[in-house]
Amino acid sequence: MLNAFNNINVLEILRVGLAGLCFLLSLLAFWLIHREQQRAANPRKGILRAIYTFMGVNFLTAVLVAAAGYLTPQQRATASEELSATTYMTDKLSYTVDLTKWREETRGPVEITRVDNIKKVSNTPDDYVIPYFTTASNPDALTAKFLSSSRPVDFVPDQQPGFAGQHFLYKIHLGDQPKDASESAATMFTFIGGFKDPKKEVWEASISYPSRIVSVVMLFSENKPCKKIEVSQVQGIRGDKLPLTKNKATTSQDGLIVQWTGLNIAERTRIHFEWEW
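Everything in this summary refers to the structure shown in the same document. (Residues numbered from 1 in each chain as written. Predicted model: local features only at pLDDT ≥ 70, side-chain atom pairs only at ≥ 80, totals over all residues. Heavy atoms only, no water.)

Observations regarding the overall build of the protein
And then number 1: Within the protein, the regular secondary structure consists of 3 helices and 14 strands.
And then number 2: In the protein, which comprises 277 residues, the proportion classed as buried is 35%.
And then number 3: Within the protein, residue pairs in contact and separated by at least 24 positions form 75% of the contacts whose partners lie at least 6 positions apart.
And then number 4: A total of about 16,500 Å² of accessible surface is found on the protein, and carbon and sulfur atoms cover 55% of it. (Helix = DSSP H or I, 4+ residues; strand = E, 2+ residues; numbered from the N terminus. Buried < 20%, exposed > 50% of the residue type's maximum accessible area, 1.4 Å probe, protein only. Contact = heavy atoms within 4.5 Å. Areas by Shrake-Rupley, 256 points an atom, 1.4 Å probe, with all protein chains shown as cover.)

Concerning the sheet that holds strand E4 (residues 142-148)
And then number 1: What the 7 strands build is an open sheet, ordered E4-E7-E2-E1-E9-E13-E12; its pairing is mixed. At either end of the open sheet lies a strand with only one pairing partner, and these are E4 and strand E12 (250-252). When the angles between neighbouring strand axes are averaged without regard to direction, this sheet yields 15 degrees.
And then number 2: In this sheet, strand E7 (residues 182-191) lies alongside E4 in antiparallel orientation, the contact comprising 6 bridges. Bridged to leucine 142 within E7 is phenylalanine 191. (Pairing = 2+ DSSP bridges. Axes fitted to C-alpha atoms, helices over the stretch in contact; angles between N-to-C directions.)

Digging into unusual backbone geometry
And then number 1: The linkage connecting glycine 108 with the following residue, proline 109, adopts the cis geometry, with an omega of -5 degrees.
And then number 2: Mapping proline 109 onto the fold places it in the loop between strand E1 (88-98) and strand E2 (110-120).
And then number 3: The phi dihedral of aspartate 180 is positive, around 75 degrees, even though this residue is not glycine.

Observations regarding the pairing of strand E14 (residues 269-276)
And then number 1: One ladder, built from 8 bridges, connects strand E8 (residues 200-207) with E14; its direction is antiparallel. Considered in E14, the bridge of tryptophan 203 is made with phenylalanine 273.
And then number 2: Relative to E14, strand E10 (residues 228-235) runs antiparallel, the two sharing 8 bridges. Among the inter-strand pairings, serine 232 is bridged to a residue of E14, identified as histidine 272.

Here's the deal with the packing of aromatic side chains
And then number 1: Summed over the entire model, instances satisfying the criterion amount to 18 aromatic pairs.
And then number 2: Measuring from ring centre to ring centre gives 4.8 Å for phenylalanine 155 and phenylalanine 168, while their planes differ by 10 degrees; the resulting arrangement is stacked. A residue pair is termed long-range when its members are at least 10 positions apart, and phenylalanine 155 in strand E5 (residues 153-157) and phenylalanine 168 in strand E6 (residues 166-172) qualify at 13 residues. This pair shows no difference in class: phenylalanine 155 is buried, exactly as phenylalanine 168 is. (Phe/Tyr/Trp six-rings, centres within 6.5 Å; stacked < 30°, edge-to-face > 60°.)

Comments concerning the pattern of salt bridges
And then number 1: Scanning the model with the defined rule gives 8 salt bridges in all.
And then number 2: Among the ionic pairs, lysine 200 bridges to glutamate 274, the shortest N-O distance being 3.2 Å. Of this pair, lysine 200 sits in strand E8 while glutamate 274 sits in strand E14, and the two are 74 residues apart along the sequence.
And then number 3: Overlapping salt bridges, with partners in common, bring together Lys200, Lys241 and Glu274 in one network. (Salt bridge = Lys/Arg side-chain N within 4 Å of Asp/Glu carboxyl O.)

Let's talk about the pairing of E10
And then number 1: Relative to strand E11 (residues 241-243), E10 runs antiparallel, the two being bridged by 3 bridges. Across the sheet, the residue bridging to serine 232 is proline 243, located in E11.

Topic: the nonpolar core
And then number 1: Among the nonpolar cores identified, the biggest contains 43 residues, and Tyr95, Tyr132, Trp203, Met218, Trp260, Phe273 and Trp275 are the most heavily contacted of them.
And then number 2: For this core, the leading source of residues is E1, giving 4 residues.
And then number 3: When neighbours within four sequence positions are excluded, methionine 218 is seen to be in contact with Val97, Leu99, Ile229, Leu256, Ile257, Val258, Phe273 and Trp275. (Core = buried A, V, L, I, M, F, W, Y, C linked by side-chain atoms within 4.5 Å.)

With respect to the side chain of serine 232
And then number 1: Checked against the element boundaries, serine 232 lands in strand E10.
And then number 2: Setting aside residues up to four positions removed in sequence, serine 232 forms contacts with Lys241, Leu242, Pro243, Leu244, Arg270, Ile271 and His272.

Some points on the sheet that holds strand E3 (residues 128-134)
And then number 1: Spatially, the 3 strands line up as an open sheet ordered E3-E6-E5, and their pairing is antiparallel. Each end of this open sheet is capped by a strand with a single partner; those strands are E3 and E5. Taken over all neighbouring pairs, the strand axes of this sheet differ in orientation by 20 degrees on average, direction set aside.

Right, dumping it as structure tokens:
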């Protein structure tokens, strides 16, 4: 009978959380009782007492699991209210910034894949719109490739007199959708000529709508790994740059991979990444 437990994937069970741990503890208690029953002599009282104590701890753990189930939804509701979304909410916004193809002679290409998991929280007729910008002067220096979306998507020039570089608007047409509609859209943006400095560069993630989770993964090449990186937050268009000293980016694989995650990011926020490579 115990042979059925030999192939249990303990790591996968623990990923469930406290409930998975409670299951494993209960399974262990069953195994201890089974082992004691297999003895030829009578069960030992001391061992049985220890097993009963162990089972009591398991029962207490189960109570904690049940209590956590009631508390967790309330915490999530509070986080959503703090974001104060009026038109759209991004449940998760993820970026993959691929710098592995960058070459000094072309100052690129840099491919940034953006995935928006969107929820419409009102009946607004406005579409989901994100501004984009590149310091390169060539209109073809920033292009978009739409990877997946059930709704029409556009990437159009946005004239900004008095401002250098090229400006665009990334639009996901959700204005005709009802409240509580959801959408997931993935798009890859290719920058050529916008990353000009071979020693130190910057990039910003534009958070136009309240976002519960913002995840950024940056990939560097072996010949130009990330030596140092700092992350700051900028509110609005001309807000101050505030270093995120308590939520720093993590670097792994000798500077080949950089990861950063933020929770409950307010609308009209820019996450500013500045690195040496």
